[in-house]
Structures are given as structure tokens and as C-alpha cells.
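One-letter residues, chain by chain:
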Amino acid sequence: ADIAHVTPEDLQTYPLGSILNGGNSAPEGNVRIGPEAWLALADAFYEAAGQRDGTHVPLLWGTDAVHGHNNAVGATIFPHNIGLGAARDPELMARIGEITALETVITGQDWSFAPTVAVARNDRWGRTYESYSENPEIVASYAGKIVEGLQGEIGDPRRLRDGHVISSAKHFVGDGGTHDGIDQGDTRASEQELAEIHAAGYPSAIEAGVEIIMASFNSWQGNKLHGHKYLLTDVLKEHWGFDGFIVGDWNGHGQVADCMPTRCPAAIMAGLDMYMAPDSWQALYRNTLDDVANGAITEVRLDDAVRRILRVKMRAGLFAKPKTAERYMGVDFKAMGSP
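Calculation rules
- Residues numbered from 1 in each chain as written.
- Predicted model: local features only at pLDDT ≥ 70, side-chain atom pairs only at ≥ 80, totals over all residues.
- Heavy atoms only, no water.
- Phe/Tyr/Trp six-rings, centres within 6.5 Å; stacked < 30°, edge-to-face > 60°.
- Helix = DSSP H or I, 4+ residues; strand = E, 2+ residues; numbered from the N terminus.
- Buried < 20%, exposed > 50% of the residue type's maximum accessible area, 1.4 Å probe, protein only.
- 1 Å grid on protein atoms, 1.4 Å probe; cavity = no way out; pocket = protein on both sides within 12 Å on 5 of 7 lines; lining within 4 Å.
- Points joined across faces, edges and corners; volume = space filled by probe spheres on them.
- Nonpolar A, V, L, I, M, F, W, Y, C, P; charged D, E, K, R; others polar.

Participant: Looking at this structure, I do not really get the packing of aromatic side chains. What am I missing?
Facilitator: The geometry of an aromatic ring pair is captured by the separation of the ring centres together with the interplanar angle, meaning the angle of the planes. Applying the stated criterion to the full structure yields 9 aromatic pairs. Aromatic side chains Phe172 and Tyr202 sit 5.0 Å apart centroid to centroid with 90° between the ring planes, which places their arrangement in the edge-to-face category. Taken together, the residues span a long stretch of sequence, with Phe172 in strand E4 (residues 166–172) and Tyr202 in helix H6 (residues 201–207) at a distance of 30 residues. For Phe172, a relative accessible area of 2% translates into the label buried. In this structure Tyr202 comes out as buried when scored by relative accessible area, which is 1%.

Participant: Could you clarify how one ought to interpret helix H7 (residues 229–239) in this entry?
Facilitator: Side chains of residues three or four places apart in an α-helix project in the same direction, reflecting 3.6 residues per turn. Residues of H7 that are buried include every one of Leu231, Leu232, Thr233, Val235, Leu236 and Lys237, and no others. A positive phi of about 75° marks Gly241, the residue just after H7.

Participant: Looking at this model, I keep getting lost on the layout of surface pockets. Mind explaining?
Facilitator: Gaps left between atoms show up when a probe the size of a water molecule is rolled over them. Size it by volume and the largest pocket reaches roughly 910 Å³. If you list the elements that add at least two residues to the lining of the largest pocket, you get strand E1 (18–21), helix H9 (281–293) and helix H10 (299–315). When its residues are assigned to classes, the lining of the largest pocket shows 25 nonpolar, 4 polar and 3 charged. What the second largest pocket holds in volume is close to 490 Å³. Arg95, Glu98, Ile99, Leu102 and His164 are the residues nearest the centre of the second largest pocket, which is lined by 21 residues in total.

So, in C-alpha cells, the structure goes:
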């Protein structure tokens, strides 16, 4: 649920496991509001989640921190991906990830919707600026470094702890290769081209320990990715061994055949683990419970999705962390945008 459409009080009725803020969402609906308000809202959600009877499962807040913590006033803003790709400097990407994570932690969020590892092949695509390069080798060299910067390196005891956040590689897969560059369109590449060009950033991100991967709006050869079992489950989870969770994009499940934003068991059965339902979440919540009860979503698939989400929350230490104001760098607002 997006913070423009959910309140901490809603958690008493709907035991949501995650919230987000999109690019135009902010506390009190004010995109110019200061970092203090972000942290205060994070604490309000933290406390509301802790008051739920018998669950004690911490909330996960995701934010579009895609070229710096770009939603928060005062944060360091870096060039967008098209400019960073021109730098040809993977180590710089790791440093940018570290700074982005630190400033995200200061305002109380746990999860960055980055990096975007699309390989833009048609400049008419309206999101070309989100691609590091049309060259898959450059994208592959960057993806793992951004993940390491955001999350910390595997083996480091500070990984996903002090000053780090959860990373999510996106959008899986083929978003930069749609026919005629049409956004959310159809990627007609062969499977070899899909693997060698458009999926080039994912192996390095997975090797770096990326915890979350976001499904893409586009289709591959006519089938929407949010409902593509072969790519989400057979390739990503089983063949590549990805053991984090797959999150949807903004009501993207609603584009799957025979689905709508408020009901889509096909996406869960295909391998989606968490719906992104910013404004459709209440009806989707009720309908998903019904779909489990009527067998449209199996208990086995449901358990797998829940297990994956809990695994990420546990690896990120969320069950042990205090409220956001008491965490590492909490309320250290002077560090925002500092040298």
C-alpha cells in the first residue's frame, strides 16, 4: 500500500507486511516536507505494526531511492542512470549506493527500489534515462556494485545493518527492449537475446546478494511478466537460485490476463510473492483471502511467498531493530546532503 492511501491506523484492521512511497507520495501529502516528518511517519507505522495482536511481524517500507534518496528534501541527488553509465566506473556506483542507503536510513525507510538494470535498446522508450547503458556488459558491471553499496557486502557483519538498506533489482525482465520502445509493451526478443542482453544485470545482482527483485510491466512474447511462471519461478527462483522475494510493480498484476488490480491469483501462482497495490490494496487483500480459501491460490504457494518475505525481513534484522528514531543515524538529519 502507498502512504498516500494507507495510515498507521489501518494496520489494526489490515495486517499489511509492507508499505511504500511512490515518486509523488510523501508524509502529509507534502513532497517538500522535511526529513523529520518522514522519520515520524516511519515510527508511527512501526508502532502500529507492533501493536497487532499475536503477530509482531515488522513492517517493511520501500521507497523509490533510485538516484540518491530522491524523494526526501535535503538528500544527495546523483545523476540519473544514463549519466552514471557514462562514467564507466563500477566502484563509484558502490559509493553512491552507500550514500543513498545512509540517507534512506536517516528518514526511516528499509528498502530502496534500486538498481534499475534495464538495458535500453530504443531511445523512444520514455524511461531510457533509467538505463545505465544499451551495452549489457556495462549494466552487468554496475548491478552488483550498486547492490553491495546499498546492502553491504556478503560476509560483512554490517550487511543489511547499520547504514544499509534492502536492495531490489528491477524490472524483471525486458523492460528496455519493448517493440518500438513502447513503455509497458511487448518484448519480442528470442530467449537467448532476453538472457544475454536484457537479463544481463541480474546474475551479478544475485551474486552480490540482492534480496528483492521487482517484476516488470512489460510482456515477453505476448505474456505479461507479472504472470509469467516460466521466467519468475522456473528461471529466476529455480534455475538461478534466487531465494529472496519477487515484488510487483505499481498495480502491474492487474495487467495479467483475466486479472484486475483488486484480484489476481494468477500472479501469485506464477511466482509473485508480494503485490504492489498502492491504491487497490483493501479489496485485493479481501479477494486474496478468498482466493486462498477457494483454492485459486494454493497453501503451498502461499507458504513459499510468506517464507521468502519473512526470510528477507529476518536477514535485514527487522525483528530485532528498535523504532526508526532509535536506529543507527536516526534523527541525524544534518548528515543529509553532507560532504
